[in-house]
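Below are the chains, spelled out letter by letter.
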Amino acid sequence: MRTPIIAANWKMQKTTGEAAAFAEGLAEHLGDSPVEVVVAPPFTALGAFASALSAAGLDGRVSIAGQNVHAEPAGAFTGEVSVPMLVDVGCRYVILGHSERRALFGESSGVVADKLRAAQSGGLRAIVCIGETLQEREDERTFEVLAAQLDESLASADSRRWPELVIAYEPVWAIGTGRTASPEEAQAAHAFVRERLSGLAGAASTEIRIQYGGSVKPENAADLLARPDIDGALVGGASLDPKSFSAIIHSGSPGDSRAAE
Ligand code: PEP
């Protein structure tokens, strides 16, 4: 049984004060839920958010993630942040290979593989993002692209840590566009990813959680999360407000009446 995992990716949004206010709002709306909750603030707000979670009594309940990391532990890499730095500030997770990193900062799956090796050996759990562009989908290359991204990004994954790994399937055409993959489209991609993972990880592939990401909102989350291979969501825009993020979390908890609030 895979525990659903819902993660917030704030991207380049929220100051320290706004991050602290979010933690207070989350404490008001989160309630009990069997879902694992992760929030990825910008680097500058990680410390303030960690303190605010503690003050709100949520530090054991909500994990913190970096949105990116460098593969080297230290050195002359101006503007970069390392795995030990993220661990030091309280991160449990790191997001790797987000499509914005891939498209805007030239991050290849080879770079993601190096970062994954560093993250896992430094004690961070990774959320590895993959996804096809609209052109690739229209050219019917979705599965080919997903297979290549998975194989290359996970090339140096630590085989003892497969159950900790999280994959985020995020069709690029659905990120920040308001356009969501239908539950059927998403489930088909997730089933393909699961099958590919079984070739890489063997029996442990059944433990790897696969999140869907791309314009997930309180209104569409329950339908997506009900599919057998959709084990959670990576949420951008709708994660900026604690009430809508909490509603998505409740959508991942079967029978939770707060899902549609
Ligand atoms: C994301 O940034 O990973 C994402 C899915 O964004 P949005 O929910 O805004 O589409």
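Described below are features of the structure shown in this document.

Scoring rules and cut-offs
Residues numbered from 1 in each chain as written. Predicted model: local features only at pLDDT ≥ 70, side-chain atom pairs only at ≥ 80, totals over all residues. Heavy atoms only, no water. Helix = DSSP H or I, 4+ residues; strand = E, 2+ residues; numbered from the N terminus. Expected span 1.5 Å × (residues − 1). Buried < 20%, exposed > 50% of the residue type's maximum accessible area, 1.4 Å probe, protein only. Contact = heavy atoms within 4.5 Å. Core = buried A, V, L, I, M, F, W, Y, C linked by side-chain atoms within 4.5 Å.

### Side note on helix α5 (residues 109-121)
Because each turn of an α-helix spans 3.6 residues, side chains separated by three or four positions in sequence point in the same direction.
Here comes step 1: Here α5 is 13 residues long and its end C-alpha atoms lie 18 Å apart, about the 18 Å a rise of 1.5 Å per residue gives.
Here comes step 2: What α5 keeps buried is the set Ser109, Val112, Ala113, Lys115, Leu116, Ala118, Ala119 and Gln120.
Here comes step 3: Buried residues in α5 make contact with α3 (83-88), β4 (91-96), α4 (99-104), β5 (125-130) and α7 (142-153).
Here comes step 4: Just downstream of α5 lies Gly123, where phi reads positive at about 95 degrees.

### Regarding the nonpolar core
Here comes step 1: Counting residues in hydrophobic clusters, the biggest one holds 67 residues, and the most contacted among them are Ile6, Phe49, Leu154, Leu165, Ile167, Tyr212 and Phe245.
Here comes step 2: At six residues, helix α8 (residues 183-201) tops the list of elements feeding residues into this core.
Here comes step 3: In contact with Tyr212, not counting residues within four places along its chain, are Tyr169, Pro171, Ala174, Thr180, Ala181, Ala186, His190, Leu224, Ile230, Gly232, Ala233 and Leu234.
Here comes step 4: Counting twelve residues, the second largest nonpolar core, distinct from the first, contains Ala40, Ala65, Tyr93 and Ile127.

By themselves, these observations are geometric and do not establish any function.
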